[in-house]
Amino acid sequence: ETGVTQSPTHLIKTRGQQVTLRCSSQSGHNTVSWYQQALGQGPQFIFQYYREEENGRGNFPPRFSGLQFPNYSSELNVNALELDDSALYLCASSLAQGALRNTEAFFGQGTRLTVV
Amino acid sequence: KQEVTQIPAALSVPEGENLVLNCSFTDSAIYNLQWFRQDPGKGLTSLLLIQSSQREQTSGRLNASLDKSSGRSTLYIAASQPGDSATYLCAVIRRNAGNMLTFGGGTRLMVKP
């Protein structure tokens, strides 16, 4: 096990609703990243949080937003859900120290979101 | 823009065979390359991390190599077993892109008994 936990594991929402997904990072890690993985594809980067601030964002609309808390856990919020938001959402934690980027990313088990 | 490609997309082999999975990337300015395993509907399990200054990493029956100049990495699996059946993903961290991982589409491996 990686020590990265996500909740819930499965979720069904109706189009137009809002959803919050949660992630607890591995002990000692200060960076959390979120990824969206559609069926049969590789994960796509949504955004990353480092020390409670957004530190990079992929090609996702503003209705995808997030938070990182002082204990480095994180939330992903999606507003105005669309059918295409149905996917596996993955959280990854890692340790970044200044310019150091040669660190291993550890993933949680994911949250399967279905929008109907 | 970094693009990562994995070939083949799917592979079916008999148990015991040695096999090679390929990963190519367009931008050689990377910090590291990481190989993952993903079981159906599950999260990603990190297999090997190769830093940009390294050429290969080994863990058990797995060996991954990195050639930055040609933009290629290979994952070698020795003596494949049915339990190796999964999707294998490679991902790179590009310089000046934070800790963002750019993934390939994966290779779906099935090892038949």
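I will try to describe carefully the structure that is included in this document.

The rules we used
- Residues numbered from 1 in each chain as written.
- Chains lettered and ligands numbered in written order.
- Predicted model: local features only at pLDDT ≥ 70, side-chain atom pairs only at ≥ 80, totals over all residues.
- Heavy atoms only, no water.
- Phe/Tyr/Trp six-rings, centres within 6.5 Å; stacked < 30°, edge-to-face > 60°.
- Helix = DSSP H or I, 4+ residues; strand = E, 2+ residues; numbered from the N terminus.
- Buried < 20%, exposed > 50% of the residue type's maximum accessible area, 1.4 Å probe, protein only.
- Contact = heavy atoms within 4.5 Å.
- Buried area = accessible area lost by both parts, 1.4 Å probe.
- Salt bridge = Lys/Arg side-chain N within 4 Å of Asp/Glu carboxyl O.
- Polar contact = N/O pair within 3.5 Å; in protein donor to acceptor, adjacent residues only side chain to side chain.

Once that is clear, we can look at the packing of aromatic side chains. Enumeration according to the criterion identifies eight aromatic pairs over all chains in this entry. With 5.6 Å between their ring centres and 50 degrees between their planes, Y35 of chain A and F107 of chain A make a pair best called tilted. With Y35 of chain A in strand 4 (residues 31–37) and F107 of chain A in strand 10 (residues 106–107), the pair connects residues that are 72 residues apart, well separated along the chain. There is no split in this pair, since Y35 of chain A and F107 of chain A are both buried. What links up through ring pairs into an aromatic cluster is the set Y35, F45 and F107 of chain A together with F36 and F103 of chain B.

Quick look at the interface of chain B and chain A now. Think of interface size as the accessible area that goes away when the parts come together; that is how it is often given. Chain B puts 21 residues into the contact, and the matching count from chain A is 24 residues. Taken together, the two surfaces of chain B and chain A that pack against each other cover about 1800 Å², and 52% of this comes from carbon and sulfur. Taken together, the links from chain B to chain A amount to zero salt bridges. Summed over the shared surface of chain B and chain A, the result is five residue pairs in polar contact (both at pLDDT 80 or more). Looking at the side of chain B that touches chain A, the elements with two or more residues in it are strand 4 (30–38), strand 5 (44–51), strand 9 (86–94) and strand 10 (101–103) of chain B.

All names here are of chain A. Counted under the stated rule, the structure contains six salt bridges over all chains. Residue R63 is joined to D85 by a salt bridge in which the shortest nitrogen-to-oxygen separation is 2.8 Å. On the criterion of sequence distance, the pair formed by R63 in the loop between strand 6 (53–57) and strand 7 (64–68) and D85 in the loop between strand 8 (74–78) and strand 9 (87–94) is long-range, its members being 22 residues apart. What you see here is one network of salt bridges that share partners, running through R63, E82 and D85.

With that out of the way, let us pick up the environment of S69 of chain B. All names here are of chain B. For S69, the position within the fold is in the loop between strand 7 (62–67) and strand 8 (72–77). You can call S69 exposed: its relative accessible area is 71%. Here D67 takes part through its side chain, which lies 2.7 Å from a polar atom of the side chain of S69.

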